[in-house]
Amino acid sequence: MSLYNDYLTEIEDRKQQGLSPKPIDDGALTREVIDHIRDTGSAHRDDCLHHFIYNTLPGTTSAAGEKARFLKEIILGTVEVEEINAAFAYELLSHMKGGPSVEVLLDLALGTDEATARDAAEVLKTQVFLYEADTDRIKSAYEAGNAIASDLLDSYAKAEFFTKLPEVDEEIKVVTYVAAEGDISTDLLSPGNQAHSRADRELHGKCLISEDAQKEIEALKLKHPDARVMLVAEKGTMGVGSSRMSGVNNVALWTGKQASPYVPFVNVAPVVAGTNGISPIFLTTVGVTGGIGVDLKNWVRKTDEDGKTILNNDGNPVLEQKYSVATGTVLTINTKQKKLFSEDGSDELVDMAGSFTPQKMEFMKAGGSYAIVFGKKLQTFAAETLGIEAPRVFAPSTEISAVDQGLTAVEKIFNANALGVASDKVLHAGSDVRVRVNIVGSQDTTGPMTAQELEAMAATVLSPSVDGAYQSGCHTASVWDAKAQANTPKLMAFMHKFGLITGRDPKGVYHAMTDVIHKVLNDITVDDWAIIIGGDSHTRMSKGVAFGADSGTVALALATGEATMPIPESVKVTFKGKMADHMDFRDVVHATQAQMLAQHGDNVFQGRIIEVHIGTLLADQAFTFTDWTAEMKAKASICISNDETLIESLEIAKSRIKIMIEKGMENDARMLNSLIEIADKRIEQIRSGEKPALTPDENAKYAAEVIVDLDEIVEPMIADPDVNNADVSKRYTHDTIRPISFYRAEKKVDLGFVGSCMVHKGDIKIVAQMLRNLEADQGDVTFKAPLVVAAPTYNIVDELKEEGDWEILQKYCGFEFDDAAPKVQARTEYENILYLERPGCNLCMGNQEKAAKGDTVLATSTRLFQGRVVADSETKKGESLLGSTPVVVLSAILGRTPTLDEYKTAVEGIDLTKFAPPIQKPLAGLSVHF
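Residues numbered from 1 in each chain as written. Predicted model: local features only at pLDDT ≥ 70, side-chain atom pairs only at ≥ 80, totals over all residues. Heavy atoms only, no water.

1. Side note on helix α27 (residues 761-778)
Logical step 1: In a regular helix each residue adds 1.5 Å, so 18 residues correspond to 26 Å; α27 covers 26 Å between its end C-alpha atoms and thus fits that length.
Logical step 2: Within α27, burial applies to Lys761, Gly762, Asp763, Ile764, Lys765, Ile766, Val767, Ala768, Met770, Leu771 and Leu774. (Helix = DSSP H or I, 4+ residues; strand = E, 2+ residues; numbered from the N terminus. Expected span 1.5 Å × (residues − 1). Buried < 20%, exposed > 50% of the residue type's maximum accessible area, 1.4 Å probe, protein only.)

Right, dumping it as structure tokens:
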């Protein structure tokens, strides 16, 4: 009984942290728990009964297998447990979500004992997580004349697993809790520096907002027992950034409803709200748990007598409050009228039609979107087996088709990948579509949750319809500490067995790769018509259309090869003018945000696709633009490339996939070789003219258009968190874009960071060339602030070594990563030197490495959220300013932001970017980025 004794020790340790016993997922431990239950004289029997009933994880965990088999023994009468009769055993099986529990139920339902078969069948009628092995058994039994199988199929065809569920309450009382003013980053709900604990839901729940906030939420629940706590982003958007699933899990844990009385710390149905609504990816995740997202619109722009917006001294619109959502305000949501009312229902506050579409109502009724996805598949199977047409039970998909209207790029991709469309009509934005997913990515700080989700939905193997799938190790690459050592190998082994290409080889055959996930996904995306789903908000590719997603949606895509979502609207971005030689493409990215706001006033990118006509830019640098669109609050982005550019980008992708194969990363299914074949086919299609590079139709309809004037980009720009803005809602957004002249060379920089998914090989070459330039001019280079450099991939490091750039970096570095002896502790202090860090996310993630509290960091990263790259000190707010690589490098050397003249001198002779609007012929020359 050593495992159970170890578990008792762990229970005592967790008790000291104020934690309950950890849910059991290990089969061997479960067997020992069952042995104690069998032994009526065991001193641990009562505790073990509790653990068995209430604390064993369901799905395909090995613990679930042991639990299901023991319950089968109880039902068959081969073992007697006084506290668990047959009826209770069936109830426990019904909450176990498939896998071994469905196998046991099918054994019983298709067995020879009629009474047992009927009882088991009644439970099976409530289950939806059935896979091919399960449905094959039912089909075979039906074809053999089994009456129970026929009864099951009839129930599944009618979707009784859904129709017999209780309806969503017509009225839902909510009491508000304002979590913060301004945009609420998911870092507030699930901090990056606590990423290691995400799979331990109770432990991770302790990092929601703050201890004081948790106490206040609990007090609201006690004061208003008939109301659900609604978490509010006052004057902002709820849920920007990453960590959506763990963020939603934490909100649900504190404010939602328990999904099952027999599964601990898994809550559903949170209610979240924002003055400016919910971030698109976060809203999707809320739907995964059957929750409600509210676009409050409780602050509106103040207008004058002529209807014009009144501006304050800073040129920002003056807002006035339409109604209050101050903490403790009780409101009423009417799901039938789809409106938000005052507590007594007398005042209508805001329309909520978008929160209660027929599809979202189904998610709420079923307790989440997974049950609907699997339920529809089960109904289709049953109807086809019976040879009947499936009765219409679920809300029909919205199909919007405009006559004589062309298609945007995303509309073309969705139409090409659509599944189960009822008609032959061409579908436009707003249509609800099931689509095939071509590429799926799982990253390492959300991967443990994805693995849990796969186990919970009883999935055991990658869907054969997925072309490529990758599990990264980049978010935990900086420090190989005890947490990473405990979590990462286990995750990699699980994903390798499931069928993914993994960054760390569980068998130790190839050198562990910690390449940034987005870079790998960008390389293995070998079709511009592909749909990509990734467990990170920066899943934005330069080929195809990519959507950052929560860990559950990633799990669903891995298991089914599908995703379901409305076709988004698009915003068309084109360019005019000429790019100055001294400008970096990162400045084009900043300018796009700034010029969009100047042209439209509001962020027209939010929740939409950015269709960027960037035709002459190869994949790596085009990715810089698409990557940034996550911070523009866009749902996704699409690059429109010229034929020749796309072919060259695909050739680059092929070469990198071949390197992955050479390093031993190919799996048994030969996934990487298959991707090369797909790339070759696509290249041939383009060259032959059979299927040119993806372009929208000329008569496509856009929600808005933005024209970026390159002539206006005359000096480098910085995205500033504006931490001292008097309007709290304006802080930590990506909307404050400033030229470096704004800082008058007086802004002190405490640390520079060149890394994250926003950089590529060219950026590291720029660092090397700037060091050569300054060495030639000054004889030596000294740093007045630390400079951390982390290449995104090992391929880049290898190529830099071959091309002679790594040598100059080594000359000036005071630290160089060593994979033979990786760091086991995070750095807490920095010297004024160059640090060459291991490929991966490094400071951008904020879960391992961090700048000193209160520092002003200038970074190529995408994250300027409070507490991500740098936290506040007691005396100073931490700042994460974002700029181009040359600006960051020069600022670290100077210890301050440079003047424009200093900048121009430092980059003289460096080809920063070869880019021109795509109406011109592709440029023959390549910049240092290639």
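2. Overview of the sheet that holds strand β13 (residues 348-351)
Hydrogen bonds along the backbone pair up the strands of a sheet, which may run parallel or antiparallel.
Logical step 1: Sheet architecture is open: seven strands sit in the order β8-β7-β3-β1-β11-β12-β13, paired in mixed fashion. Edge strands, defined here as strands with exactly one partner in the open sheet, are β8 (292-295) and β13. For this sheet, the mean angle separating the axes of adjacent strands, direction not counted, is 30°.
Logical step 2: With respect to the sheet, helix α13 (residues 211-223) is in contact with β1 (171-181) and β3 (228-234), its orientation differing from that of β1 by roughly 160°. (Pairing = 2+ DSSP bridges. Axes fitted to C-alpha atoms, helices over the stretch in contact; angles between N-to-C directions. Contact = heavy atoms within 4.5 Å.)

3. Things to note about the packing of helix α19 (residues 447-456) against helix α20 (residues 482-498)
Logical step 1: Relative to each other, α19 and α20 sit at 45°, their axes nearing to 10 Å. In terms of orientation, α19 and α20 fall into the oblique class. Note that α19 runs across α20; the crossing there is left-handed. Here Gly447, Pro448, Thr450, Ala451, Leu454 and Glu455 of α19 lie close against α20, whose contacting residues are Leu491, Phe494, Met495 and Phe498.
Logical step 2: Partitioned by chemical class, the residues of the contact of α19 with α20 number seven nonpolar, two polar and one charged. (Parallel < 35°, antiparallel > 145°, perpendicular 65-115°, else oblique. Left-handed = near helix turned anticlockwise from the far one by under 90°. Nonpolar A, V, L, I, M, F, W, Y, C, P; charged D, E, K, R; others polar.)

4. Thoughts on the pairing of strand β7 (residues 271-274)
Logical step 1: Side chains Val271 and Ala273 of β7 all project onto a buried face; the interleaved residues Val272 and Gly274 project onto the opposite face, where all are buried too.
Logical step 2: Bridging between β7 and β8 involves four bridges; their strand directions are parallel. Looking at the pairing, Gly274 lines up with Asp295 of β8.
Logical step 3: Since β7 and β8 lie parallel, the crossover through helix α15 (residues 280-288) that links them has a hand, and here it is right-handed. (Right-handed = clockwise from strand over helix to strand, strands pointing away.)

5. A look at the nonpolar core
Logical step 1: One finds Ile84, Phe414, Val545, Leu809 and Leu834 to be the most contacted residues of the largest nonpolar core, which totals 184 residues.
Logical step 2: At eight residues, helix α17 (residues 369-386) tops the list of elements feeding residues into this core.
Logical step 3: Filtering out sequence-adjacent residues up to four positions away, Leu834 remains in contact with Leu771, Phe783, Leu787, Val789, Leu809, Tyr812, Cys813, Gly814 and Phe815.
Logical step 4: Core analysis: the second largest hydrophobic core is formed by 47 residues, Ala622, Val706, Ile737 and Ala790 among them. (Core = buried A, V, L, I, M, F, W, Y, C linked by side-chain atoms within 4.5 Å.)

6. Re the packing of aromatic side chains
Logical step 1: With the rule as written, the count across this model stands at 14 aromatic pairs.
Logical step 2: Taken together, a centroid distance of 6.0 Å and an interplanar angle of 90° make the contact between Phe414 and Phe547 edge-to-face. Linking Phe414 in helix α18 (residues 409-417) with Phe547 in strand β20 (residues 545-548), this pair joins segments that are 133 residues apart in sequence. The residues Phe414 and Phe547 share a single accessibility class, namely buried.
Logical step 3: With a centroid separation of 6.3 Å and 45° between ring planes, the pair formed by Phe815 and Tyr835 is classed as tilted. (Phe/Tyr/Trp six-rings, centres within 6.5 Å; stacked < 30°, edge-to-face > 60°.)

7. Topic: the pattern of salt bridges
Logical step 1: Counting across every chain of the model gives 54 salt bridges.
Logical step 2: Between Arg434 and Glu562 there is a salt bridge, with the nearest N and O atoms lying 3.0 Å from each other. Here Arg434 is found in strand β15 (residues 432-436), whereas its partner Glu562 is found in strand β21 (residues 562-566), with 128 residues between them in sequence.
Logical step 3: One network of salt bridges, with partners in common, ties together Lys761, Lys765, Arg772, Glu799, Glu803 and Asp805. (Salt bridge = Lys/Arg side-chain N within 4 Å of Asp/Glu carboxyl O.)

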